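Structural overview for review
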Amino acid sequence: MTMPFLDLRLATRRNGSRDGELMLVSPSGQRWLSVGPTVKTMQALLDNWALQAPELESRRRSLDASGWNEGETFDPDECMAPLPRAYQWADASVYRNHARLIYQWRNEPIPPRYEDEPLVYQGGSDVMIGPREPIVAIDEAHLVDLEAEIAVITTDVPMGVTIEQAADRIALVVLLNDVSLRGLIPGELAKGFGFYQSKPATSFAPVAVTPGALGPAWKDCMLDLPVRIELNGERFGEPHANSDVVFNFAQIIAHLARTRCLVAGSIVGAGTISNADPESGSACITEARVREQLSGVPLDRLRPYLRHGDRVRICAMGPYGEHVFGAIDQQVVIHSPG
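Quick notes on the rules
Residues numbered from 1 in each chain as written. Predicted model: local features only at pLDDT ≥ 70, side-chain atom pairs only at ≥ 80, totals over all residues. Heavy atoms only, no water. Phe/Tyr/Trp six-rings, centres within 6.5 Å; stacked < 30°, edge-to-face > 60°. Helix = DSSP H or I, 4+ residues; strand = E, 2+ residues; numbered from the N terminus. Buried < 20%, exposed > 50% of the residue type's maximum accessible area, 1.4 Å probe, protein only. Lys NZ or Arg CZ within 6 Å of the ring centre and 35° of its normal. Pairing = 2+ DSSP bridges. Axes fitted to C-alpha atoms, helices over the stretch in contact; angles between N-to-C directions.

Let us now look at the packing of aromatic side chains. For the structure shown, the criterion picks out 3 aromatic pairs. The interplanar angle of 75 degrees and the centroid separation of 4.8 Å between the aromatic rings of Trp-32 and Phe-74 together place this pair among those described as edge-to-face. Of this pair, Trp-32 sits in strand E3 (residues 31-34) while Phe-74 is found in the loop between strand E4 (72-73) and strand E5 (88-92), placing the two residues 42 residues apart along the sequence. For Phe-74, a relative accessible area of 15% translates into the label buried. Considering the side-chain rings of Trp-218 and Phe-249, the 6.3 Å spacing of their centres and the 15 degrees angle between planes classify their relative orientation as stacked. Here Trp-218 is found in strand E15 (residues 218-219), whereas its partner Phe-249 is found in helix H7 (residues 249-256), with 31 residues between them in sequence. Just as Trp-218 is buried, Phe-249 falls in that class too. One cation-aromatic arrangement involves Arg-13 over Trp-32; the distance from NZ or CZ to the ring centre is 5.4 Å. Cation over ring: Arg-182 sits above Trp-105, and NZ or CZ is 5.6 Å from the ring centre.

Quick look at the sheet that holds strand E20 (residues 311-316) now. With respect to topology, 5 strands assemble into an open sheet ordered E8-E21-E20-E17-E18, the strand pairing being mixed. Across the chains shown, the open sheet's two edge strands, defined by having one partner strand only, are strand E8 (135-137) and strand E18 (234-237). Put simply, the sheet's adjacent strands are angled 25 degrees from each other on average, direction ignored. Note: strand E17 (residues 227-231) against E20, 5 bridges, orientation antiparallel. For Val-227, the partnering residue across the bridge sits in E20 and is Ala-316.

So, in structure tokens, the structure goes:
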């Protein structure tokens, strides 16, 4: 199945329901309009993508011709995650430099087959949070870390697809903050059964974009743009999302589907963006700390993990300085239950 060229930008507006209201966003990112009663949610669109997405493309062209006069001013504060709850969230780790630094932090060697097949884990997908919702943690001692990532959302993926077929199953591209609690990770991994408490809800930029809408910024099944991370208003990093990668999204999806199907609405990540060039900065605090250690900074002077009141901002910068997915802009809230 080859998908037609589609130039779509989609968001989910808060309406009091769990899944929100599907919105069509203008190419400028300044206007949006409800898709309407025939396709109420993002998941409903993904379930019937081959039929409904081309119809939305035709509607978008009509709106472009009319100047989006029917639309309203886009409001990121009203956005949920584009897909507020997903059937699956599978995250990979395809950036060589991130693997090098993280395994140093864990005092472990890089897995011997790291470049032979994608390294993936299955995360929690029942709650995905929007771009302005806070990062909530119960204790700063858990060492709250940000992780800027790119992911894709698939249509139905049959078991055994080829890499070329997998590329055709990519419906949308998204930007996210895959928050980690670094203080809990070593203990969980030591049990030999993977992450759970150390991976709280993932945050998403407001707009999901079709690969066709990205134009030349979608190259070799990867986003070919820098992603800017700011911490408390200062530049923290600006790594390029298509540099120093081992696998692309088509390869990750084909790997996931070797022994099982993926249903429409599966979110597949590429892991924390990371470049070897130190001038690119970092997309997570742990990487920055390891780099500081390697340069001789004493342990007691390494940059801290996120604290109550810190603000994290993440956006992907287009060729003209535009925010391709809108921005994630979150504050950290340390709040003990009860």
